[in-house]
Amino acid sequence: SSKYVLSQMHPMWQEPLEVPGGDHQSPIDIAVKKAVFDSDLKPLESSYDPQTCQQIWNNGYSFLVEYDDTTDKNILKGGPLQDKYRLCQFHFHWGESNDWGSEHTVDRRLFPAELHLVHWNSDRYTLFEEAVMEENGLAVIGIFLKVGKRHEGLQKLVDALPAIRHKDSVVEFNRFDPASLLPSNIDDYWTYHGSLTTPPLTESVTWIVMKQHIEVSHDQLAVFRSLLFTSAEEEVQKSMVNNFRVQQPLRGRTVRSSFT
Ligand SMILES: NS(=O)(=O)c1ccc2o/c(=N\O)[nH]c2c1
Ligand SMILES: [Zn+2]
C-alpha cells in the first residue's frame, strides 16, 4: 500500500567514526592470496538439535532464529576453536538488489546475502551477554548466499517471514535444523579475529567464513526484502534491506585458511 516507502539506501545506523581502540573490527575483505594456510587448523565439528529451536523474530536489524542455549545441545568446536561454543541464534544480512548485501567480501567480491550462525563460549562463560564482552567469547560462522536454485531447507524459514514483517514481531518456531543451511563442504574456511558487525561492535568474535556458498532462489531472497525495519505503529515504513556493515580496515591482522 502507499504507506510503505519503497526501499532506499537505509543507513542502518550512523557508523560511529571510531570504535574506541577498535582495530579488530568486522566485516573485512578476505584477500585470498594473502590468507595464510594453517595446517594446525582442525575440521569444524558441529552438532545441532532441531528441537531446541524456539522462535523467529524481527529485531529491527535482521530476523533472528533463536535456540535454547541453556544446555550444551547445539555445539560448535574444533577448527580454530580451543573451547566448545553454544549456538544461540542465526540471522542474515542482505541488499536491496542481488548485486550486494554480504558483510564480508572475497577479493572484493560482494554476495547478495550472508548468514551468521552465532555461538558463545560455554566452557568459560555462563551467558551470551557475558561472553560478548570477552576476546574469546564468540564464534560466528559466516556463509555466503548466491542466487540460484531454491534452497529447500530455507523455505520453512521464508514461509514464516510474513508473520514477522514489523520490528519486534515474534512467532513461535520449532524444529528447524541449522545444519540444513550449511554448505556441503565445511572443511574449507577462512578464520580471523574480529568483532560484532552491529552495536555493541565488541571485538569478541572468532570469525569462521566458509569458502563454499549456499544457493537460494531469487524469490526466497525477495521475501527477506519484504521485511520492515520499522514497527507497526510507525508512520513511515522502511523496507529491511542493506542491513550490512561496510568492510573495516584489516589493521595488520592475518587471515588464516584451512585449505591450500
Ligand atoms: N552480525 S554479527 O556480528 O554476527 C552479531 C552477532 C550477535 C550480536 O549480538 C549483538 N548485540 O547483542 N550484535 C550482534 C552482531
Ligand atoms: Zn550478522
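Right above here is the structure, for reference.
Source: prediction; values computed, not measured.

Draft legend 1. Region of interest: the pattern of salt bridges. Enumeration over the complete set of coordinates arrives at eight salt bridges. A salt bridge links aspartate 38 to arginine 256; its shortest N-O distance comes to 2.8 Å. You can see aspartate 38 sitting in the loop between strand 3 (36-37) and strand 4 (44-47) and its partner arginine 256 sitting in strand 17 (residues 256-257), a full 218 residues away along the chain. When its relative accessible area of 16% is taken as the criterion, aspartate 38 is described as buried. Each of Asp72, Lys84, Arg86 and Asp123 takes part in one network of salt bridges that share partners.

Draft legend 2. Inspection of the nonpolar core at higher detail. The biggest cluster of nonpolar side chains holds 44 residues, and the ones touching the most others in it are Ile56, Phe63, Phe90, Phe92, Trp94, Leu157 and Phe224. Here the element with the most residues in this core is strand 8 (residues 85-94); it accounts for five residues. Core analysis: the next-biggest nonpolar cluster, separate from the first, contains 22 residues, Val106, Tyr125, Val140 and Val205 among them.

Draft legend 3. Seen up close, the site of ligand 1. In the neighbourhood of ligand 1, 13 residues make up the surrounding shell, with His91, His93, Leu196, Thr197 and Thr198 lying closest. Taking histidine 91, its side chain carries an N or O atom lying 3.3 Å from a nitrogen atom of ligand 1. Proline 199 has a polar backbone atom sitting 3.4 Å from a nitrogen atom of ligand 1. When the free accessible area of ligand 1 is taken as 370 Å², the share hidden by the protein chains comes to 82%. Judged by the proximity of its atoms to the pocket grid, ligand 1 belongs to the largest pocket. Looking at the shell around ligand 1, the elements that each hand over two or more residues are strand 8 and strand 10 (113-121). Residue contributions to the shell around ligand 1 peak at three residues, all from strand 8. For the shell around ligand 1, the class distribution of residues is seven nonpolar, six polar and no charged.

Draft legend 4. The pairing of strand 8, seen in detail. The buried fraction of strand 8 amounts to ten of the ten residues, a majority that puts the element mostly inside the structure. The pairing of strand 6 (residues 63-67) with strand 8 spans three bridges and is classified as antiparallel. The residue of strand 8 that forms the bridge with leucine 64 is histidine 91. In the sheet, strand 7 (residues 75-78) pairs with strand 8 via two bridges, with the strands oriented antiparallel.

Draft legend 5. Region of the structure containing the layout of surface pockets. Approximately 560 Å³ is the volume attributed to the largest pocket. Mapped onto the lining of the largest pocket, the elements with two or more residues apiece are strand 5 (53-58), strand 6, strand 8, strand 10 and helix 1 (128-131). Among the elements that take part in the lining of the largest pocket, strand 8 stands out by supplying four residues, more than any other.

Here is what the cut-offs are and how they apply
- The residue numbering used here restarts from 1 in each chain and proceeds along that chain's sequence as written.
- Starting at A for chains and at 1 for ligands, labels are handed out in the order in which the entities are written.
- Only residues with pLDDT of 70 or above have their local features reported here, since the model is predicted, and side-chain atom pairs are shown and tallied only from 80 upward, although totals for entire chains, interfaces and linings are computed over all residues.
- The basis for every side-chain value is the complete set of non-hydrogen atoms in the structure, without hydrogens or water.
- Salt bridges are counted wherever a side-chain nitrogen of Lys or Arg sits within 4 Å of a carboxyl oxygen of Asp or Glu.
- Comment: elements are numbered from the N terminus, with helices defined as DSSP H or I runs of at least four residues and strands as E runs of at least two.
- A 1.4 Å probe rolled over the protein chains alone gives each residue an accessible area, and that area as a share of the maximum for its type sets the label: buried under 20%, exposed over 50%, partly exposed in between.
- In plain words, nonpolar cores are sets of buried Ala, Val, Leu, Ile, Met, Phe, Trp, Tyr and Cys residues tied together by side-chain atoms within 4.5 Å.
- We define proximity as follows: a residue is near a molecule or strand when any one of its heavy atoms falls within 4 Å of that partner.
- Residues adjacent in sequence count toward polar contacts only when both atoms are side-chain atoms; beyond that, a polar contact is any pair of N or O atoms within 3.5 Å, and within protein one must be able to donate a hydrogen and the other to accept it.
- Methods summary: accessible areas were calculated by the Shrake-Rupley approach with a probe of 1.4 Å, and residue burial reflects only the protein chains presented.
- A pocket here means an open set of points on a 1 Å grid, computed over the protein atoms alone, that has protein on both sides within 12 Å along at least five of seven lines. A cavity is instead a set of points where a 1.4 Å probe fits but cannot get out; residues with an atom within 4 Å of a point line either one.
- Occupancy of a cavity or pocket is assigned to a molecule whenever over half of its atoms lie within 2 Å of that pocket's grid points.
- When residues are grouped by polarity, Ala, Val, Leu, Ile, Met, Phe, Trp, Tyr, Cys and Pro land in nonpolar, Asp, Glu, Lys and Arg in charged, and all others, Gly among them, in polar.
- Only strands that DSSP links by at least two bridges are regarded as paired with each other.
- Grid points are joined across faces, edges and corners, and a volume is the space filled by probe spheres set on the points.

So yeah, pure geometry; function would need other evidence.
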